[in-house]
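# Structure at a glance
So the chains spell out like this:
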Amino acid sequence: MVFFSIRFRSHLKLDCFGIAFVKMSTYYFVIVGHNDNPIYEKEFSTVNKELRKEDHRHLSQFIAHAALDLVDEHKWKTANMQLKSIDRFNQWFVSAFITASQIRFIIVHDNKNDEGIKNFFNEMYDTYIKHSMNAFYRINTPIKSPMFEKKSEIFGRKYLLS
């Protein structure tokens, strides 16, 4: 028997019997400063908070923090800013991006989406550069800008959840 599935919306799939089921995608994005301090964090998910049975935020934070040593190790092995998938913990993958100023962008995700993650990192890097050029922002401090939050939400929906 051959099973197949077709894409239905962005978070639903139909199996060969026409039964819809939820395709859950979860992304945890964090910007990590020079002292391993989180500067900004955001979680993206295709499933509403009410439908989620368990909150993976603490687990995602733990996985991202544990991957920092691997990110630091890999950044000296390549000239690329995009490090793709550098670590795996059970079903979770860790992808990273290193800025020119050695700020680390990390995404903990549960499915492969290399092209979307690459585009998301590039857009967020551009947004981060514009934010860091603000005279009132001190580098390595938490980002509390509503505009930065809005742009991360837009880029997350566009590149990660679509």
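Report follows, based on the coordinates. Everything numeric here is computed off the predicted structure, so don't read it as measured data.

Reading the values: the criteria
Residues numbered from 1 in each chain as written. Predicted model: local features only at pLDDT ≥ 70, side-chain atom pairs only at ≥ 80, totals over all residues. Heavy atoms only, no water. Helix = DSSP H or I, 4+ residues; strand = E, 2+ residues; numbered from the N terminus. Buried < 20%, exposed > 50% of the residue type's maximum accessible area, 1.4 Å probe, protein only. Contact = heavy atoms within 4.5 Å. Areas by Shrake-Rupley, 256 points an atom, 1.4 Å probe, with all protein chains shown as cover. Arc of directions from axis to C-beta. Core = buried A, V, L, I, M, F, W, Y, C linked by side-chain atoms within 4.5 Å. Polar contact = N/O pair within 3.5 Å; in protein donor to acceptor, adjacent residues only side chain to side chain.

So, on to the overall build of the protein. Along the protein, the regular secondary structure elements total four helices and eight strands. The N-to-C order of helical and strand elements in the protein reads β-β-β-β-β-α-α-β-β-β-α-α. Taking all 162 residues of the protein together, the buried fraction comes to 41%. Taking contacts inside the protein between residues at least 6 apart in sequence as the whole, the part at least 24 apart equals 49%. Roughly 9,700 Å² of accessible area belongs to the protein as shown, and the carbon and sulfur atoms make up 56% of that amount.

A few words now on the environment of T26. Locating T26 in the fold gives a position in strand 4 (residues 26-32). Considering only alpha carbons, one finds T26 and I107, 81 residues apart in sequence, at a separation of 9.9 Å.

What follows deals with helix 1 (residues 57-66). S60, I63 and A64 are the residues of helix 1 that are buried. Buried residues in helix 1, looked at end-on, bunch into an arc of 100°, giving them a common side. Summarising the geometry of helix 1, the exposed residues directed more than 90 degrees from the buried face are H58, F62 and H65. Contacts from the buried residues of helix 1 go to strand 4, helix 2 (68-75), strand 6 (82-89), strand 7 (92-98) and strand 8 (104-109).

Right, let's get into unusual backbone geometry. Most peptide bonds take the trans form, and the phi angle of most residues other than glycine is negative. With a phi close to 70°, Q102 is a non-glycine residue in the positive phi region. Locating Q102 in the fold gives a position in the loop between strand 7 and strand 8. Of the residues examined, Q102 reaches a relative accessible area of 30% and is grouped as partly exposed. The residue N140 is not glycine, and still its phi comes out positive at about 80°. With respect to the element layout, N140 can be found in the loop between helix 3 (114-132) and helix 4 (146-160). N140 sits in the buried class, given a relative accessible area of 16%.

This part is about the nonpolar core. Judged by nonpolar contacts, the single largest core of 23 residues is most densely connected at F29, I31, F105 and F120. Here this core takes six residues from helix 3, the largest share from any one element. When near neighbours in sequence (up to four residues on either side) are disregarded, I31 contacts N37, P38, I39, Y40, I103, R104, F105, Y128, I143 and F148. Ranked by size, the runner-up nonpolar core spans 16 residues in total, among them A67, L68, V71 and I98.

What follows is about the side chain of K75. By the element assignment, K75 lies in helix 2. Polar side-chain contacts of K75 include one of 3.1 Å to the side chain of Q102. Apart from residues lying up to four places away in sequence, K75 is in contact with L83, I98 and Q102.

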